[in-house]
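# Geometric and topological summary
If you want the building blocks of each chain, they are given just below.
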Amino acid sequence: MIDLRVLSVASEVFPLVKTGGLADVTGALPGALAPLGVEIRTLIPGYPAVMKALGRGEAFQDWPDLFGGPAKLIAGKAGGLSVLALDAPHLFDRPGNPYLDAGGKDWPDNALRFGALSHVAAEIGRGLIGGFVPDVIHAHDWQAGLVPAYLRFGSSPKKSAKPPATIITVHNLAYQGQFPANLLAALHLPTAAFTMEGVEYYGQIGFLKAGLSLADHITTVSPTYAAEIQGSEMGMGLDGLLRHRSHELTGILNGIDPEVWNPAKDANLAARYDSGKLEARKANKAAIRKKFALSAEGNGLLVTVISRLTSQKGIDLVLAVLPRLVAEGGQLALLGNGDPGLQAELTAAAARYPGQVGVILGYDEGLSHLLQGGADAILVPSRFEPCGLTQLYGLRYGTVPIVARTGGLADTVIDANDVALAARVATGFQFVPVTADALGVTLARALRCYRDPPAWRAMQKRGMAADVSWRRPAVQYAELYRSLAAARGKAKSA
Ligand code: ADP
């Protein structure tokens, strides 16, 4: 029975719109929390894909002029989710990436686009929708960072309702949403909001900073990242504020959807399998080799990388260890897109090592499943990684993770050191510091293990047995929601 209502506010949600892990998390949480008595509705921008998926929906509210144009709030079901879409064509009826124009530049009006989203979230928090008054608003990343600011400072015809408790989740502190101070009026925020305790950040308006200052609670997506961002090295300028709020900052690991990611039922695979039928992975390995134009000879270690191509993800380290991998008879199949310089270097590497290095530039959800279903190992050499999902898919699919020991990678993979091997708990390989040399040493460890098939198989099976679902994290979120709602005096009896 539902006893708590949560409005989740995000700029992307799987399966409707996704550029990264944020969408996976916002897409999975509602289903994971429902059995725990928590109803989550998700407020997202009405991008073309969202409006198409929603169809007609039910229009709740319209604004003749919301931040420069007419807008409607449409409710409906899409992708198994209960969605509230902000249908504001002047802000969101644009094709392609949710944040970038066709030239790859941030849309110049991103402050207004996501300001409007946050403003509407606050209105819903104040009781805009009769049948759904949230106890908690869960804001995700900078795009929803102004929600607590609008609740605190925004003007609204509906002032009477008691405001909900607020949480902001940091999925990646590197993206902070900073905009010129002169947008304050266009964002319908009073000058009283422009203080160090409010939205001001080094003379600008800081969306994420506002959320971190004003939300009742802050979460991030792994315990190690929660600790790391309180230090100057990974705090990205916000470490002081995060230290100040450390008693209201929690790290909760992401889970994955074990149905979407299920090697026994995955239609994207050439052959489906479970931990008792690992030899079926060979057919998937062959399919990958064909797709990436890799040599079908031999049975060397096939490593995959599935990633945005940015400096965060340590792609330069992948390039640096290629000679060693290839010399050992290994192969690389990389799927990714992003930084043009990295794309060019990867294309050049594929040309340098024909049959041993295959690169596909682009975003392809189905192919990412096949890679998980047939590669031997997945490499995640991130310089920082709030949680990381690809190593979790790797565990579930028997693709042994080789990861940098940082953030959520440190929390989810058990390194195959001697003690862990003796205790039979190792599920992958970690390296630190995050350098090409350290990765090279760890790659050598992985290769040694791979040449001992029973040891490798045992590692795959342990990974596949690990619980990487939302079961545990969902309980943690439910407890947090309830404690915050109770603190606001809004908890309803179950
Ligand atoms: P981030 O959110 O920083 O990009 P995560 O590991 O948390 O990193 O999530 C990345 C998600 O995006 C995973 O679901 C991964 O499989 C997917 N992904 C990344 N790049 C691609 C790509 N080129 N094609 C398909 N899926 C991708």
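What counts and how
- Residues numbered from 1 in each chain as written.
- Predicted model: local features only at pLDDT ≥ 70, side-chain atom pairs only at ≥ 80, totals over all residues.
- Heavy atoms only, no water.
- Helix = DSSP H or I, 4+ residues; strand = E, 2+ residues; numbered from the N terminus.
- Rg over C-alpha atoms; globule rule 2.2 N^0.38 Å.
- Buried < 20%, exposed > 50% of the residue type's maximum accessible area, 1.4 Å probe, protein only.
- Areas by Shrake-Rupley, 256 points an atom, 1.4 Å probe, with all protein chains shown as cover.
- Domains from an automatic or database assignment.
- Buried area = accessible area lost by both parts, 1.4 Å probe.
- Salt bridge = Lys/Arg side-chain N within 4 Å of Asp/Glu carboxyl O.
- Polar contact = N/O pair within 3.5 Å; in protein donor to acceptor, adjacent residues only side chain to side chain.
- 1 Å grid on protein atoms, 1.4 Å probe; cavity = no way out; pocket = protein on both sides within 12 Å on 5 of 7 lines; lining within 4 Å.
- Points joined across faces, edges and corners; volume = space filled by probe spheres on them.
- Nonpolar A, V, L, I, M, F, W, Y, C, P; charged D, E, K, R; others polar.
- Axes fitted to C-alpha atoms, helices over the stretch in contact; angles between N-to-C directions.
- Parallel < 35°, antiparallel > 145°, perpendicular 65-115°, else oblique.
- Left-handed = near helix turned anticlockwise from the far one by under 90°.
- Contact = heavy atoms within 4.5 Å.
- Pairing = 2+ DSSP bridges.
- Near = heavy atom within 4 Å.

Helix and strand counts for the chain come out as 18 helices and 18 strands. For 494 residues, the compact-globule formula gives about 23 Å, and the C-alpha radius of gyration of the chain, at 23 Å, lands near that figure. Each principal axis of the C-alpha atoms in the chain carries an extent, and together these give about 70 × 50 × 45 Å. Counting every position in the chain, which comprises 494 residues, the buried fraction comes to 58%. Roughly 19200 Å² of accessible area belongs to the chain as shown, and the carbon and sulfur atoms make up 55% of that amount.

Turning next to the domain arrangement of the chain. Domain assignment breaks the chain into domain 1 (4-255 + 471-487) and domain 2 (278-465). On a C-alpha basis, the centroid separation for the pair domain 1 and domain 2 is 33 Å. For the pairing of domain 1 and domain 2, the buried interface totals around 1300 Å² over both sides, and the portion due to carbon and sulfur atoms is 58%. Summed over the shared surface of domain 1 and domain 2, the result is 1 salt bridge. In this structure, E365 and K18 form a salt bridge, with 3.5 Å as the shortest nitrogen-oxygen distance. Taken together, domain 1 and domain 2 are joined by 8 residue pairs in polar contact (both at pLDDT 80 or more).

Take empty space enclosed by the protein next. One pass over the structure, following the stated rule, counts 1 cavity of 30 Å³ or more. Of the voids in this model, the largest cavity is the one considered here, and its volume is about 40 Å³. Together, V303, V318, V321, L322, L325, L332, L379 and L443 line the largest cavity. Partitioning the lining of the largest cavity into residue classes produces 8 nonpolar, no polar and no charged.

As a further point, take the packing of helix α10 (residues 315-327) against helix α11 (residues 340-352). Between α10 and α11, the shortest axis-to-axis distance is 11 Å and the interhelical angle comes to 20°. When the axes of α10 and α11 are compared, the pair comes out roughly parallel. As α10 runs across α11, the sense of the crossing is left-handed. Touching I315, D316, L319 and L322 of α10 are L342, E345, L346 and A349, all from α11.

We now examine the side chain of Q312. Following the sequence through the fold, Q312 ends up in the loop between β13 (302-309) and α10. Residue classification places Q312 among the buried positions, given a relative accessible area of 6%. A polar side-chain atom of Q312 sits 3.0 Å from the main-chain carbonyl oxygen of F384. In this structure, Q312 is in contact with N172, S382, R383, F384, E385 and P386, ignoring residues within four places of it in sequence.

Two pairing modes exist for strands in a sheet, parallel and antiparallel, and in both the strands are linked by backbone hydrogen bonds. Ordered by their spatial adjacency, 9 strands build an open sheet running β3-β4-β5-β2-β1-β6-β7-β11-β12, and the pairing between neighbours is mixed. What marks the edges here is a single partner per strand, and that holds for β3 (58-63) and β12 (249-251). Adjacent strand axes in the sheet meet at a mean angle of 25° when their direction is disregarded. When strand β1 (residues 4-9) meets strand β6 (residues 136-140), the two strands line up parallel, connected through 4 bridges. Of the residues in β6, the one forming a bridge with V6 is V136. Strand contacts of helix α4 (residues 110-125): β1, β2 (38-45), β3, β4 (71-78), β5 (81-87) and β6, with the helix running at about 150° to β2, the strand carrying the most contacts.

The next subject is the sheet that holds strand β17 (residues 400-404). Strand order across the open sheet formed by 6 strands is β15-β14-β13-β16-β17-β18, with parallel pairing between neighbours. Edge positions in the sheet fall to β15 (357-361) and β18 (429-431), since each of these pairs with one other strand and no more. Averaged over neighbouring strand pairs, the angle between their axes works out to 20° when direction is ignored. One ladder, built from 8 bridges, connects β13 with strand β14 (residues 331-338); its direction is parallel. In the sheet register, I306 faces β14, and the bridge partner there is L335.

A few words now on the pairing of strand β7 (residues 165-170). When a strand is regular, its side chains alternate between the sheet's two faces. Of all 6 residues making up β7, 6 are buried, and the element is well covered by its neighbours. By the alternation rule, side chains of β7 split into A165, I167 and T169 and T166, I168 and V170, which are all buried.

On to the site of the ligand, then. Near the ligand there are 19 residues, and of these K18, G21, R308, K313 and G362 occur at the shortest range. Within the contact set of the ligand, an oxygen atom lies 3.0 Å away from a side-chain nitrogen or oxygen of D24. Measuring from an oxygen atom of the ligand, one finds a side-chain N or O atom of K313 at 2.9 Å. Here the ligand loses 93% of its free accessible area of 560 Å² to cover by the protein chains. The set of elements that each furnish at least two residues to the shell around the ligand consists of α1 (21-33), β13, β14, α12 (365-374) and α13 (390-397). The residue makeup of the shell around the ligand, split by class, is 5 nonpolar, 8 polar and 6 charged.

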